[in-house]
Amino acid sequence: MNRTASCMTDLPRSAGMGLRAPHHADILASPPDVGWLEVHSENFFAAGGETLRVLEAVRERFPISLHGVGLSLGGGDALSDRHLGKLKALVDRIDPAAVSEHLCWSSVDGHVLNDLLPMPCTRAALDWMDARVSRVQERLGRTILVENLSSYLRFARAEMPEWDFLSALTRRTGCGVLLDINNIYVSACNHGFDARDYLAGIGVDQVGELHLAGFEAEDGFLVDTHSRPIQPPVWTLYAEALARFGPQPTLIEWDHEIPALDVLVAEVRQAQSWMDRCREVAHVRAA
Amino acid sequence: MSVPPDMQTCQRRFRDAAFIGDDTAAAALWPLIEEAPAVAAARLAVYRRNLMGNLCGALAATYPVVERIVGEDFFKATARAYVRAHPSRSGDLNEYGGAFAEFLATFPPASPLPYLPDVARLEWAVQAVYYAADEPPADLSALACLDSGDDEDLVFRVAGDIARLDSPWPLAELWRVNQPEYDGPLMVDFSLPAQIVVWRWADRVQVEEVTPVSAALFDYLRSGMSLAAAIREVVSVIPDFDPLPEVVRWCHAGWLRGAFLKRH
């Protein structure tokens, strides 16, 4: 397994998986052969106790990616000092290989919706997020990765496509892109754009991590459920992303109807084999 | 930098449509949305479902005993009513649900189960203790150099990862018979009140019932009263109570984490 770190994170350029509560004991008892583990930062905001003990034990064996879902980077409310303080304490405690959040908002007028909601892609919103991402990076003392969402609705009067918004945010703040391939596919189907335009819109040196997950079809559109195996067209798009961005740390996300550990590990292996194939092709081309 | 007004309008209308969810709120959102209203309604429903599902899921994770007692359907309906009455204020879902006990006490459909709010209070305390800061190692060395008579000045520091609850209901029993691993008879004597200590042992939360007199002694010590004064208080009510074995046990269990002599 190639352990060279991506330049934007200290994650190895290999496939990893989410550490979820049903697997804590199994993973500690017999650590699976995966490159790294991801956790949702907020699940480890405790002041003490078992959850942190588990994470610290796992950290001894695996590089950890802290993936946040609650910071509301694009929200109209002031950034929560409390939330940011807890994240900073966790970063200091765990020394993660990567810290990431989302291109989204989740709080307005003090009302938190605890979901990842789409941004209006306007220049003013970009300025707003730019300032907030910079503040978070300053507070954490490190760069973060920002992930694209799956969306079901789009705000009208967008002044740029989402990929330009994300790419510009990265250029301005120095943050990296966490490119979720499944989310690109789902949003492309839901909004009728070409998923390849999204890949082409992100600079080859801007991506620090890739995500893969399963979606479900509803009446005429796709929903990002993280409850299924990765679908064939998403693997295909993943191969195209690897061809453009090179082998990048890749996470298998599975958050609902969580399967047995070996099912997850099999998905991780599949991602790993796509990455290995991508490397071989690169070698052949170079030769 | 001030909030971009157009962005804020988008977010406010989205919030209203996803959270309040009536036709007026949805109609106010549609002009700001690319998709046609006929298409957009089904898609908004996904956000509404996620929002409700995430918050109800957080309540179910924190209040499994309440859910077990009332059943899944009743719990879901109750959780939905709670979400509508108590919007989330934190991006950390583990902080959601702190007012659930108060809510249950005033939620008419739950009134046939008057003990339910206390069960919820206990479960909130269990979660708080589970996530509480780790205690530094106990330091009871002051006990070793006690001369007789010193206990007039002896005070304890009680662990921070402990919660105390009193209930007119048999709360510890209700808790015990509703744990997933329990398979005994579902018989509880509802005439028995309970004094409870919730504490952590090797990272596991313990729900322990103590006698009224032990609870009183513990509460006095936690308030900073000296051991001698606390003993006088409880023995004046229950003359044949022998407090020292309790105090020793609490030291071993880590409820009492520090001992020191109060200097006058």
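The structure presented is a predicted model; accordingly, all values stated were derived computationally and were not measured.

Participant: Can you lay out the overall build of chain A for me, pointing to particular residues and giving the numbers?
Facilitator: For chain A, the count of helices and strands is 9 helices and 12 strands. Computed over its C-alpha atoms, the radius of gyration of chain A comes to 18 Å, within 12% of the 19 Å expected for a compact globule of 287 residues. Each principal axis of the C-alpha atoms in chain A carries an extent, and together these give about 50 × 50 × 40 Å. Sorting the 287 residues of chain A into buried and exposed places 51% on the buried side. Residue pairs in contact within chain A that sit at least 24 positions apart in sequence constitute 77% of those at least 6 positions apart.

Participant: Explain the overall build of chain B to me, and be specific about the residues and the numbers.
Facilitator: The helix and strand tally for chain B stands at 11 helices and 5 strands. Taking 18 Å as the expected radius of gyration for a compact globule of 264 residues, we find that chain B reaches 25 Å, considerably beyond that expectation. By its C-alpha atoms, chain B is 85 × 55 × 30 Å across when sized along the principal axes. Within the span of chain B, comprising 264 residues, buried residues form 35% of the whole.

Participant: Provide a residue-level description of the interface of chain B and chain A, including the pertinent values.
Facilitator: Taken together, the contact between chain B and chain A spans 42 residues of the former and 40 residues of the latter. Elements represented by at least two residues in the side of chain B that touches chain A include exactly α1 (5-20), α3 (37-62) and α7 (116-131) of chain B. Its residues assigned to classes, the side of chain B that touches chain A shows 23 nonpolar, 8 polar and 11 charged.

Participant: Please give an account of the domain arrangement of chain B that cites residues and values.
Facilitator: All names here are of chain B. Each assigned domain of chain B is listed with its residue range as follows: domain 1 (34-131) and domain 2 (135-264). If you average the C-alpha positions of domain 1 and of domain 2, the two centres end up 32 Å apart. Listed by partner, the interface residues are 13 residues for domain 1 and 16 residues for domain 2. Elements with a minimum of two residues in the side of domain 1 that touches domain 2: α4 (64-70) and α7. When residues in the side of domain 1 that touches domain 2 are grouped by element, the largest group, 9 residues, is from α7.

Participant: Could you give an account of the environment of A158(A), with specific residues and numbers?
Facilitator: All names here are of chain A. Take A158: it is sitting in the loop between β7 (145-147) and α5 (162-173). In this structure, the C-alpha to C-alpha distance between A158 and P120, residues 38 residues apart in sequence, is 6.3 Å. A158 has contacts with P120, C121 and T122, leaving out every residue within four places of it along the chain.

Participant: Please give an account of the nonpolar core that cites residues and values.
Facilitator: Grouped together as the largest cluster of nonpolar side chains are 150 residues, with contacts concentrated most on V146(A), I181(A), L212(A) and V198(B). The leading source of residues in this core is α7(B), at 9 residues. There are two domains that each give this core at least three residues, and those are domain 1 (34-131) and domain 2 (135-264) of chain B.

Participant: Which residues make up the sheet that holds strand β4 (residues 204-210) of chain B, and what values go with them?
Facilitator: All names here are of chain B. One open sheet accounts for 3 strands, arranged β2-β3-β4; its pairing is antiparallel. This sheet does not close on itself; its edge strands, each paired only once, are β2 (163-167) and β4. Each strand axis lies, on average, 25° off the axis of its neighbour in the sheet, ignoring direction. Sheet topology note: the β2/strand β3 (residues 194-201) ladder contains 5 bridges and is antiparallel. Following the sheet pairing, L165 is matched in β3 by I196. Those strands touched by helix α9 (residues 212-222) are β2, β3 and β4, and its axis lies near 120° from that of β4.

Participant: If you had to explain the environment of Y238(A) to someone new, which residues and values would you point to?
Facilitator: All names here are of chain A. Checked against the element boundaries, Y238 lands in helix α8 (residues 232-245). Judged by the 25 C-beta atoms lying within 10 Å of it, Y238 is buried. Taking the C-alpha atoms as reference points, Y238 and A260, separated by 22 residues in sequence, lie 24 Å from one another. Dropping the residues within four chain positions of it, Y238 is found in contact with I181, L212 and W274.

Participant: Which residues make up the packing of α8(A) against helix α9 (residues 261-286) of chain A, and what values go with them?
Facilitator: Two quantities define a packed helix pair, namely the angle between the helix axes and the distance between the axes. All names here are of chain A. It is the contact of α8 with α9, at a shortest axis distance of 10 Å, that shows an interaxial angle of 40°. Classified by the angle between their axes, α8 and α9 sit oblique to one another. Along this stretch, α8 crosses α9, giving a crossing that reads as right-handed. For the pair α8 and α9, the contacting residues are W235, Y238, A239, L242 and A243 in the first and W274, M275 and C278 in the second. Tallied by class, residues from the contact of α8 with α9 come to 8 nonpolar, no polar and no charged.

Participant: Give a description of the packing of helix α6 (residues 181-191) of chain A against α8(A) that names residues and reports values.
Facilitator: Residue and element names in this part refer to chain A. As a packed pair, α6 and α8 sit with axes 9 Å apart at the nearest point and diverge in direction by 120°. Classified by chirality, the crossing of α8 by α6 is right-handed. Residues I181, N182, I184 and Y185 of α6 form the contact with α8, whose own contacting residues are P233, V234, L237, Y238 and A241. Of the residues that constitute the contact of α6 with α8, the class distribution is 8 nonpolar, 1 polar and no charged.

Participant: Tell me about the sheet that holds strand β12 (residues 250-252) of chain A, and name the residues and values.
Facilitator: Residues and elements named next belong to chain A. What the 8 strands build is a closed barrel, ordered β1-β2-β3-β4-β7-β8-β9-β12; its pairing is parallel. Strand-to-strand twist in this sheet, taken as the mean axis angle between neighbours without regard to direction, amounts to 30°. Sheet topology places strand β3 (residues 64-67) next to strand β4 (residues 98-102); 3 bridges connect them, and they run parallel. Counted as the bridge partner of H67 is S100 from β4.

Participant: Report on the pairing of strand β8 (residues 176-180) of chain A, specifying residues and quantitative values.
Facilitator: The two faces of a sheet get side chains in turn, since along a regular strand they alternate between them. Residues and elements named next belong to chain A. Of all 5 residues that make up β8, 5 are buried, and the element is covered over most of its length. Handedness of the crossover is the feature at issue here: the chain leaves β7, passes through α5, returns alongside β8, and the resulting connection is right-handed. Here β8 pairs with strand β9 (residues 207-212) via 4 bridges, running parallel. The residue of β9 that forms the bridge with D180 is H211.

Participant: Could you give me a rundown of unusual backbone geometry, with the residues and numbers involved?
Facilitator: In this structure, N114(A) takes a positive phi of about 50° despite not being glycine. Checked against the element boundaries, N114(A) lands in strand β6 (residues 111-117). Located in the positive-phi region is D203(B), a residue other than glycine, with phi close to 70°. Relative to the elements of secondary structure, D203(B) occurs in the loop between β3 and β4. Take D203(B): there are 14 C-beta atoms within 10 Å of it, and that puts it in the partly exposed class.

What counts and what doesn't
All residue numbers here refer to positions counted from 1 along the written sequence of the relevant chain. Chain letters start at A and ligand numbers start at 1, both assigned in the order the entries are written. Reporting of local features is limited, given that this is a predicted model, to residues whose pLDDT is at least 70; pairs of side-chain atoms are given and counted only at 80 or more, and all residues count toward the totals for whole chains, interfaces and linings. Numbering of helices and strands starts at the N terminus; helices are DSSP runs of H or I of at least 4 residues and strands are runs of E of at least 2. With C-alpha atoms as the basis for the radius of gyration, the globule rule is written as 2.2 Å multiplied by the number of residues raised to the power 0.38. Residues are called buried when their C-beta atom has 20 or more other C-beta atoms within 10 Å, exposed when it has 12 or fewer, and partly exposed otherwise; all C-beta atoms are positioned from the backbone. Working definition of a contact: two residues with C-beta atoms, positioned from the backbone, lying within 7 Å. Each residue receives one of three labels: charged for Asp, Glu, Lys and Arg, nonpolar for Ala, Val, Leu, Ile, Met, Phe, Trp, Tyr, Cys and Pro, and polar for the others, Gly being one of them. Residue ranges for the domains originate in an automatic or database domain assignment. Linking buried Ala, Val, Leu, Ile, Met, Phe, Trp, Tyr and Cys residues through C-beta atoms within 7 Å yields a set, and such a set is a nonpolar core. Any two strands between which DSSP finds at least two bridges are classified as paired. Axes, fitted as lines to C-alpha atoms, cover a helix only where it is in contact. Angles between the N-to-C directions of the axes lie from 0 to 180 degrees. The scheme is simple: roughly parallel for angles under 35 degrees, roughly antiparallel for over 145, roughly perpendicular for 65 to 115, oblique for anything else. When the near helix sits turned anticlockwise from the far one by under a right angle, the crossing is termed left-handed; a clockwise turn instead gives a right-handed crossing. Consider the strands pointing away from the viewer: the crossover is right-handed when the path from the first strand over the helix to the second runs clockwise.

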